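# A structural walkthrough
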Amino acid sequence: MDQGLIFNIQKFSIHDGPGIRTTVFFKGCPLHCRWCANPESQSGKIVILWDAKKCSGCKKCIPGCKKGAISFQEGRIVIDRNKCDGCQECLAFCPQHALTREGESRSVADIVALCLQDKDFYEESNGGVTLSGGEALLQPAFLEKLLPALKAHDIHVALETTGFASAATFQKIAPLFDLLLFDVKHHDSIKHREMTGVTNEQILANLLWACKNGLEILPRIPVIPDFNNSLDDARSFVALFRKLNIFQVQLLPFHQFGQGKYDLLNRKYAYGNIKALYKEDLKDYQEIFIQNGIDCFF
Ligand code: SF4
Ligand code: SF4
């Protein structure tokens, strides 16, 4: 497949792998983490967002949608996600540009051309391109085209991944990358399912396979309040990593950067009243990894 569904391409990223990078965000995710900072990524189709601050209430968009997906309820525009097929016809009817879309089809050639614009920066900083999301492994046929096209230009390519994919897909696609930034969200499968919607067995099986097959991996823990941030959690992660022969981990403290996007999607943000975490809050947590021989950093 020559086209992928992408929702953002961010140039000059410095937090998505080594050096200066271009980060390509893939649409669609098999997990639905309650703290997700990119909720617009979760659906695997084009999503229409409505901005209450820009909307004048003229209601021109309602007849503009031939699928009957738009209505006005309790003072706000509501988009029925089951009826909406992402055709985007409604956008032209909104004089205030209060309706926008998330997600568009991009070709391999288009993405490679965009990434090549910054090749000099990648070379100077030992950077490259990172595929993020969402979960890029949900679009394996597109990756099979995109990866060789990027590698043909000698570009370092990393994958930010939930690790959730069938063994067949993972074992076929993961080795095409130079680096896997591999999220490990919880050591306990039941707690993992409670907060992400899926259990962790397949994720850990893929992680184990990647370790055994010598893939370059940086495991990362998104540290989330009242989910995986206790010192007992740190000890359980240590036990898991030692079993997998993993001796480094990056901690990603919880932040609330995604809050505004929940408003645009007309969704409630479960973490609206939860305070962000900072490095200083996690010193003891970090120390448990270090004392057990695991290089632990932010
Ligand atoms: S994208 Fe198409 S189906 Fe969806 S709300 Fe707009 S006009 Fe209706
Ligand atoms: S057309 Fe635009 S401004 Fe008018 S009600 Fe719809 S979203 Fe609001």
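## Some words on the overall build of the chain
The number of helices and strands found in the chain is 10 helices and 13 strands. For 298 residues, the compact-globule estimate of 2.2 N^0.38 gives 19 Å, and the chain sits close to it at 20 Å. With respect to the three principal axes, the spread of C-alpha positions in the chain is 60 × 45 × 35 Å. Residue pairs at least 24 apart in sequence account for 73% of intrachain contacts in the chain once pairs closer than 6 positions are excluded.

## Describing the sheet that holds strand 11 (residues 217–223)
Read across the sheet, nine strands follow the order 7-1-2-8-9-10-11-12-13 without closing on themselves; strand pairing throughout is mixed. In the strand order of this sheet, the two ends are held by strand 7 (104–107) and strand 13 (295–297), each with one partner. Neighbour-to-neighbour, the strand axes of this sheet turn through a mean angle of 30°, independent of strand direction. Looking at chain direction, strand 1 (residues 3–13) and strand 2 (residues 21–26) are connected through five bridges and run antiparallel. Of the residues in strand 2, the one forming a bridge with Ile 6 is Phe 26. Across the sheet, helix 2 (residues 108–116) lies against strand 1, strand 2, strand 7 and strand 8 (128–132), angled at about 75° from strand 7, the strand it touches most.

## Observations concerning the domain arrangement of the chain
Parsing the chain into structural domains produces domain 1 (3–44 + 104–297) and domain 2 (47–101). Its C-alpha centre places domain 1 at a distance of 32 Å from the equivalent point of domain 2. Across the boundary between the two partners, domain 1 contributes six residues, which contact six residues of domain 2. Classifying every residue of the side of domain 1 that touches domain 2 by side-chain character gives two nonpolar, two polar and two charged.

## So, the site of ligand 1
The environment of ligand 1 is formed by 13 residues, the closest being Cys 65, Lys 67, Cys 84, Cys 87 and Cys 90. Tallied by class, residues from the shell around ligand 1 come to eight nonpolar, two polar and three charged.

## What to know about the packing of helix 2 against helix 4 (residues 140–151)
Put simply, helix 2 and helix 4 touch, their axes get as near as 10 Å, and they point 35° apart. Helix 4 is crossed by helix 2, and the crossing has right-handed handedness. Where helix 2 abuts helix 4, its residues Val 108, Ile 111, Val 112 and Cys 115 lie against Lys 145, Leu 146, Ala 149 and Leu 150. Of the residues in the contact of helix 2 with helix 4, the class split is seven nonpolar, no polar and one charged.

## Digging into the site of ligand 2
Lining the immediate surroundings of ligand 2 are 14 residues, of which Cys 55, Cys 58, Cys 61, Cys 94 and Ala 98 lie closest. In terms of residue class, the shell around ligand 2 is built from nine nonpolar, three polar and two charged.

## A word on the nonpolar core
Val 24, Leu 150, Val 157, Leu 159 and Leu 180 are the most contacted members of the largest nonpolar core, which has 58 residues in total. Here the element with the most residues in this core is helix 4; it accounts for five residues. Every residue in contact with Val 157, bar those within four places of it in the chain, is listed here: Gly 128, Val 129, Leu 131, Leu 147, Leu 150, Lys 151, Phe 177 and Asp 178. Counting 14 residues, the second-largest nonpolar core is a separate cluster that includes Ala 69, Ile 77, Cys 94 and Ala 98.

## Some words on the environment of Leu 265
With respect to the helices and strands, the residue Leu 265 is situated in the loop between helix 9 (259–264) and helix 10 (283–291). Considering only alpha carbons, one finds Leu 265 and Ile 14, 251 residues apart in sequence, at a separation of 28 Å. Contact partners of Leu 265, with chain neighbours within four places excluded, come to Pro 39, Glu 40 and Leu 49.

## Points about the packing of helix 8 (residues 231–243) against helix 10
At a closest axis distance of 9 Å, the pairing of helix 8 and helix 10 adopts a crossing angle of 25°. With respect to their mutual orientation, helix 8 and helix 10 come out roughly parallel. Note on packing geometry: the crossing formed by helix 8 with helix 10 is right-handed. Listed contacts from helix 10 to Leu 231, Ala 234, Arg 235 and Val 238 of helix 8 are Asp 284, Tyr 285, Ile 288 and Phe 289.

Basis of the calculations
- Residues numbered from 1 in each chain as written.
- Chains lettered and ligands numbered in written order.
- Predicted model: local features only at pLDDT ≥ 70, side-chain atom pairs only at ≥ 80, totals over all residues.
- Helix = DSSP H or I, 4+ residues; strand = E, 2+ residues; numbered from the N terminus.
- Rg over C-alpha atoms; globule rule 2.2 N^0.38 Å.
- Contact = placed C-beta atoms within 7 Å.
- Pairing = 2+ DSSP bridges.
- Axes fitted to C-alpha atoms, helices over the stretch in contact; angles between N-to-C directions.
- Domains from an automatic or database assignment.
- Nonpolar A, V, L, I, M, F, W, Y, C, P; charged D, E, K, R; others polar.
- Near = placed C-beta within 6 Å.
- Left-handed = near helix turned anticlockwise from the far one by under 90°.
- Core = buried A, V, L, I, M, F, W, Y, C linked by C-beta atoms within 7 Å.
- Buried ≥ 20, exposed ≤ 12 C-beta atoms within 10 Å, placed from the backbone.
- Parallel < 35°, antiparallel > 145°, perpendicular 65-115°, else oblique.

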